[in-house]
Amino acid sequence: MTEDAASLQRRTVRVLAAGQVLGGIAFGATVSLGALLAADVSGQESLSGLATASVTLGAAFCAIPLARLAARRGRRVALTLGNLFALVGIVVVITAAAGRSFPLLIAGVILIGAGNAGNLQSRFAATDLAPAERRGRDLGVVVWATTVGGVVGPLLLTPGEALGRVIGMPPLTGAYAFSIVAQVAAFALYLVALRPDPLLVAQRLARSGEARRDHIVDTDRPIAARYAMFAVAGSHVVMASVMAMTPVHLAHLAPDHVTAVVGTTIAVHVFGMYGLSPLFGILADRAGRIATILLGQALLAASLVLAAVASDSQGSVLVALFLLGAGWSAATVAGAALLTESSLTALRPRRQGMSDTIMTFSAAVGAVLAGVVLGLIGYGGLALVALVIVVAVTVLSPYARSGASASAPPRSEGPGRCVTEPPRRPLP
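Please read these numbers as outputs of a predicted model, since none were measured by experiment.

**Considerations on the overall build of the protein chain**
- From N to C terminus, the protein chain includes 16 helices and zero strands.
- Taken over 428 residues, the protein chain has a buried fraction of 53%.
- Accessible area for the protein chain stands at about 16800 Å²; split by element, carbon and sulfur atoms hold 69% of it.

**Considering the packing of aromatic side chains**
- Following the criterion strictly, the structure yields three aromatic pairs and no others.
- Measuring from centroid to centroid gives 5.5 Å for Phe 61 and Phe 361, while their planes differ by 85°, and the two rings are edge-to-face. Linking Phe 61 in helix α2 (residues 49-73) with Phe 361 in helix α15 (residues 348-395), this pair joins segments that are 300 residues apart in sequence.
- A relative accessible area of 55% places Phe 61 in the exposed class.

**Digging into the side chain of Asp 197**
- Mapping Asp 197 onto the fold places it in the loop between α7 (175-193) and α8 (198-208).
- Buried Asp 197, no salt bridge; nearest opposite-charge side chain is Arg 76, N-O distance 5.0 Å.
- Among the polar contacts listed, one links the side chain of Asp 197 to the backbone nitrogen of Leu 199, at a separation of 3.0 Å.
- Within the local environment of Asp 197, its side chain forms a polar contact with the backbone nitrogen of Leu 200, the two atoms lying 3.2 Å apart.

**Side note on the pattern of salt bridges**
- Within this structure, the stated rule accounts for eight salt bridges.
- Arg 100 is the partner of Asp 40 in a salt bridge, and the nearest nitrogen-oxygen pair spans 2.8 Å. Here the residue Asp 40 occupies a position in helix α1 (residues 3-42), and Arg 100 occupies one in the loop between α3 (75-99) and α4 (102-125), the gap between them amounting to 60 residues.
- Arg 100 sits in the partly exposed class, given a relative accessible area of 44%.
- The shortest N-O distance in the salt bridge between Glu 341 and Arg 289 comes to 2.9 Å.

**A closer look at the packing of helix α12 (residues 277-287) against helix α14 (residues 314-341)**
- Interhelical geometry of α12 versus α14 gives an angle of 45° and a closest axis separation of 9 Å. With respect to each other, α12 and α14 are oriented oblique. Two packed elements cross with a definite hand, and for α12 against α14 that hand is right-handed. Taking contact as the criterion, the partners of Ser 277, Phe 280, Gly 281 and Ala 284 in α12 are, on α14, Ala 326, Ser 329, Ala 330, Val 333 and Ala 334.
- Considering only residue class, the contact of α12 with α14 consists of six nonpolar, three polar and no charged.

**As for the nonpolar core**
- Membership of the largest hydrophobic core comes to 45 residues, with the highest contact counts inside it found for Tyr 227, Val 238, Ile 293, Leu 304, Leu 324, Leu 338 and Tyr 379.
- Within the residue set of this core, elements represented by two or more residues are α5 (135-155), α10 (222-253), α11 (258-275), α13 (289-309), α14 and α15.
- Considering each element in turn, this core owes the most residues, eleven residues, to α10.
- With sequence-adjacent residues up to four places away left out, Val 238 is seen in contact with Leu 300, Leu 304, Leu 324, Ala 386, Ile 389 and Val 390.
- Membership of the second largest hydrophobic core comes to 20 residues, among which are Leu 37, Ala 96, Val 109 and Ala 175.

**Quick look at unusual backbone geometry**
- Across the junction of Arg 195 and Pro 196, the peptide omega takes the value -10°, indicating a cis bond.
- As for its placement among the helices and strands, Pro 196 is situated in the loop between α7 and α8.
- The residue Arg 100 is not glycine, and still its phi comes out positive at about 55°.
- Look at Leu 172: it is not a glycine, yet its phi comes out positive at around 70°.
- Tracing the backbone through its elements, the reader meets Leu 172 in the loop between α6 (157-167) and α7.

**What about α3?**
- With 25 residues, α3 extends 36 Å between its outermost C-alpha atoms, agreeing within 8% with the 36 Å of an ideal straight helix rising 1.5 Å per residue.
- Residue Arg 100 follows α3 closely and has a positive phi angle near 55°.

**Here we look at a positive patch on the surface**
- Taken together, the side chains of Arg 68, Arg 72, Arg 73 and Arg 350 define a basic patch exposed on the protein surface.
- Considering each element in turn, the positive patch owes the most residues, three residues, to α2.
- As for its placement among the helices and strands, Arg 350 is situated in helix α15.
- Classification of Arg 350 by relative accessible area gives partly exposed; the value is 33%.

**Quick word on α7**
- End to end, α7 covers 27 Å across 19 residues, agreeing with the expected 27 Å (1.5 Å per residue, within 8%).
- Three or more residues of α7 are buried, namely Ala 175, Tyr 176, Ala 177, Ser 179, Ala 182, Gln 183, Ala 186 and Tyr 190.

**What about the packing of α10 against α14?**
- At their nearest, the axes of α10 and α14 sit 9 Å apart, and the two run at 160° to each other. Judged on the interaxial angle alone, α14 and α10 are roughly antiparallel. Regarding α10 and α14, the two cross each other, and that crossing is left-handed.

**With respect to the side chain of Ser 241**
- Tracing the backbone through its elements, the reader meets Ser 241 in helix α10.
- Within the structure, Ser 241 has its side chain in polar contact with the backbone oxygen of Gly 366 (distance 3.3 Å).
- Apart from the residues lying within four places of it in its own chain, the contact partners of Ser 241 are Gly 366, Ala 367, Ala 370 and Leu 382.

Parameters at a glance
- Residues numbered from 1 in each chain as written.
- Predicted model: local features only at pLDDT ≥ 70, side-chain atom pairs only at ≥ 80, totals over all residues.
- Heavy atoms only, no water.
- Helix = DSSP H or I, 4+ residues; strand = E, 2+ residues; numbered from the N terminus.
- Buried < 20%, exposed > 50% of the residue type's maximum accessible area, 1.4 Å probe, protein only.
- Areas by Shrake-Rupley, 256 points an atom, 1.4 Å probe, with all protein chains shown as cover.
- Phe/Tyr/Trp six-rings, centres within 6.5 Å; stacked < 30°, edge-to-face > 60°.
- Lys, Arg positive; Asp, Glu negative; His and termini not counted.
- Salt bridge = Lys/Arg side-chain N within 4 Å of Asp/Glu carboxyl O.
- Polar contact = N/O pair within 3.5 Å; in protein donor to acceptor, adjacent residues only side chain to side chain.
- Axes fitted to C-alpha atoms, helices over the stretch in contact; angles between N-to-C directions.
- Parallel < 35°, antiparallel > 145°, perpendicular 65-115°, else oblique.
- Left-handed = near helix turned anticlockwise from the far one by under 90°.
- Contact = heavy atoms within 4.5 Å.
- Nonpolar A, V, L, I, M, F, W, Y, C, P; charged D, E, K, R; others polar.
- Core = buried A, V, L, I, M, F, W, Y, C linked by side-chain atoms within 4.5 Å.
- Expected span 1.5 Å × (residues − 1).
- Patch = residues over 30% accessible without salt bridge, like charges linked within 9 Å, V, L, I, M, F, W, Y side chains within 5 Å.
- Charge placed at Lys NZ, Arg CZ, Asp CG, Glu CD.

Have a look at this one:
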């Protein structure tokens, strides 16, 4: 890369990581409070699950529109609009809680989910100007930053409630006072600091041919792109389905200490998801995207087998949930890098939005079906059913190798030359 492009990439990663921390606070608070608010406002515990479903649907519905907007206007416009959605959603949720309006509450949660679609795009924005040898590492750093917001958001519940009582906010909404501040800060950060826009610069480099001279892969590999989407979506379904049913399973194993056991297990799981993402990013750069995806499947398989054969052990379930998070991390980081470098710059935002939509919709359906499977054949049976998806992602990997090199960096043949495959028909 040129020195200017390399400097811009470093600054972009720092800005995106900071934005992930700020944006994750609102999302973490919603995940923690959504079900409680839904049950409180509606008066029916059976409706509490609609809050979590609404967050997912909001992200799924807005992923493609935001990606298309990014393709036309750049990442900065798409990310700031996502933050604006989340900010409006927070205000709507607080208003709904005050007016005891359940439909309005769901509308607000959907808007917060739409804002999370912007957060998901941040990981792809980290790859717009990244050279092949650092693409996975930069992506992993931005994914890792999600950990901070995801952990801080729930920790603000207690002080948020205290603050909410002082300033007269409705019950269970006090933590959103911190979320509003965080969203405004993220909005301002992207608006001011994400200049020049990394995607617009990448598109200009691709048109001028400078991208090829800098060894940034810019050829179309639709087979590899399809596989990347499938690997990311499949890994996410496995993770979301088993994770969603784990608290229910642990409630039967430890009815007297369910809060402590569930809290510890989910915390370990979240660390596995995000805490190791920079490591998997480096591994994807050095060992290859597909090899790291397959490592993720191996970790997922180990998790599911352990959950199936030792489902009655709290310790085994905790280890299984850590492996589940780590497997998801490896597959998601490497899959996102593979999708990016398998798509022409002009096609990347659309495919990335499609990938996020498929991922979130599949996870929503998977979580619903997981409850049915859990009721029919138990937690161990659910783990074995999820193993089928892991096998499918693994078995299909040779097809992806026919459309992309297993190693991440392109092969160079002399100064200014980068060996790439002949252009193929674009993935629709």
